[in-house]
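Overview (structure and organization)
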Amino acid sequence: MIPLKTLGRFLRPGLLFALSVFLTGCNSAILDPKGQIGQDEKTLLITATVLMLLVVVPVIIMTLAFAWKYRATNTKARYEPNWSHSTAIEVVVWSIPCMIVLVLAVLTWRSSHALDPYRPLESDKKPVVIEAISLDWKWLFIYPEENIATVNEITFPVNTPLNFKITSDSVMNAFFIPHLGSMIYSMTGMETKLHLIANETGEFPGMSSHYSGAGFSKMHFTAHSVTEEQYQQWLAKVRAENTTLNKDAFNALVAEKNHDWHPVTYFGNAETGLFNWVVEKHMGDNQHYGMDHKGKDHAAMSHGAGHEGHEGHEGHEMPAAEHAEHTADEHAAAGHAGHAGSGE
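What you are looking at is a predicted structure, and each value in this text was computed from that prediction instead of being measured.

**Concerning the sheet that holds strand β6 (residues 173-176)**
- Strand order in this open sheet of 5 strands is β4-β10-β9-β6-β7, and the pairing throughout is mixed. Each end of this open sheet is capped by a strand with a single partner; those strands are β4 (153-157) and β7 (183-186). Sheet twist, expressed as the mean angle between neighbouring strand axes with direction ignored, is 25 degrees.
- Here helix α4 (residues 228-239) sits on the sheet in contact with β4 and β10 (220-226), set at roughly 140 degrees to β4.

Here it is, written out as structure tokens:
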């Protein structure tokens, strides 16, 4: 049998290496948040980990202690070959884990609603709206309220809510700025949302955290958190670019299936409604779902249904007043039937 001192000398370098690797992770973006959402998620992660360690650590310690105490060579250990049950032990090993699971359940329930990525952030400042579109293999960002667009770069004022609207013009992807918080998927023909905020100025790396093809590893961007004055200067810089992002320019950008990192590109003018156009063009005949209805569609539907309701009434005589009342009733019924079929 290997003496404990010798075993300790062998294990010490490995334990030091493992500890150094663990401490290196403390410098990661997730454990070094720069925004309120990221800070709340870090607190949740640490709290859940500590609660689970309340079970894991004692179990590991007792496993090692029991293995040492009741080893075959320890003749002083109590020997009870017929032992089979202990109420006290059963109460401890079941009650403590159940309490921890209950606490974790409440914590998860509350945090899931509090950190919902679709939930707007409360602030006295007007949010910055950014429409993000994942392409092969780059990120396109449209600022609809500023009528500008960028590729592989976003800039925003510090301490200001960011309202992201996200979709994809290609395969499913994932939008993630680790320093700021939550990750959300971008999907073709769908719109997802994400609300973030930066509490500090700085440059934060953004990425795609979902494999999407050959150029996936180059699909990263930089998020700049700046002062309000610097933000206005950046807007002026982008607007100074004599380039326009319209449908033709968008299609040309899509055709550039870059395998290397696509350089930062500015568009001084962005066509209105381009984000919705990207979403709708992948929906085919299912544009009814998630999209606003057009008034003319309802009118046409109700009118057509109304005419169908009059079929079979030709040649049927009735007083003018009764006919008018009957016609109004049929139009109302047909209109309601049309709306019921619309799915609203």
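**A few points about the sheet that holds strand β8 (residues 192-196)**
- Here we have 6 strands laid out as an open sheet, ordered β8-β5-β1-β2-β3-β12, and mixed in their pairing. Both outer strands of the open sheet, β8 and β12 (265-267), are each paired with one neighbouring strand and no more. Across the sheet, the mean angle separating the axes of adjacent strands is 20 degrees when strand polarity is ignored.
- Bridging between strand β1 (residues 128-135) and strand β5 (residues 162-168) involves 7 bridges; their strand directions are parallel. By the bridge assignment, A132 is partnered in β5 with I166.
- In the packing of α4 onto the sheet, contacts are made with β1, β2 (138-143), β3 (148-151) and β12, and the angle to β3 comes to roughly 90 degrees.
- Along the sheet face, helix α6 (residues 274-281) touches β1, β2 and β5 and points at about 35 degrees away from the line of β5.

**Quick word on the pattern of salt bridges**
- Taken as a whole and assessed by the stated rule, the structure comprises 9 salt bridges.
- One salt bridge in this structure joins E200 and K34, with 3.5 Å as the shortest N-O distance. Here E200 is found in the loop between β8 and β9 (202-208), whereas its partner K34 is found in the loop between α1 (4-24) and α2 (36-69), with 166 residues between them in sequence.
- With relative accessibility at 38%, the residue E200 sits in the partly exposed group.

**Description of the environment of T188**
- Considering the arrangement of structural elements, one finds T188 in the loop between β7 and β8.
- Overall, the relative accessible area of 32% leaves T188 in the partly exposed class.
- Each C-alpha atom, one on T188 and one on S168, is 4.6 Å from the other, the two residues being 20 residues apart in sequence.
- Discounting residues that sit within four places of it in the chain, T188 has contacts with S168, D169, S170, V171 and H282.

**Points about the confidence of the model for the chain**
- Averaged over every residue, the pLDDT of the chain is 82; the share at 70 or more is 75%.
- In this model, residues 288-344 is a region of pLDDT below 50 whose contacts with residues beyond four sequence positions or in other chains number 28 contacts.

**A closer look at the side chain of E153**
- Note that E153 resides in strand β4.
- Within the buried core, E153 has no salt-bridge partner, and the shortest N-O distance to an opposite charge, that of K237, equals 6.2 Å.
- Within the structure, the side chain of E153 is placed 2.5 Å from the side chain of Y266, a separation counted as a polar contact.
- If we ignore the near neighbours within four places in the chain, the residues touching E153 are F141, F221, T222, H224, W234, V264 and Y266.

Parameters at a glance
Residues numbered from 1 in each chain as written. Predicted model: local features only at pLDDT ≥ 70, side-chain atom pairs only at ≥ 80, totals over all residues. Heavy atoms only, no water. Pairing = 2+ DSSP bridges. Helix = DSSP H or I, 4+ residues; strand = E, 2+ residues; numbered from the N terminus. Axes fitted to C-alpha atoms, helices over the stretch in contact; angles between N-to-C directions. Contact = heavy atoms within 4.5 Å. Salt bridge = Lys/Arg side-chain N within 4 Å of Asp/Glu carboxyl O. Buried < 20%, exposed > 50% of the residue type's maximum accessible area, 1.4 Å probe, protein only. pLDDT = per-residue confidence, 0-100. Lys, Arg positive; Asp, Glu negative; His and termini not counted. Polar contact = N/O pair within 3.5 Å; in protein donor to acceptor, adjacent residues only side chain to side chain.

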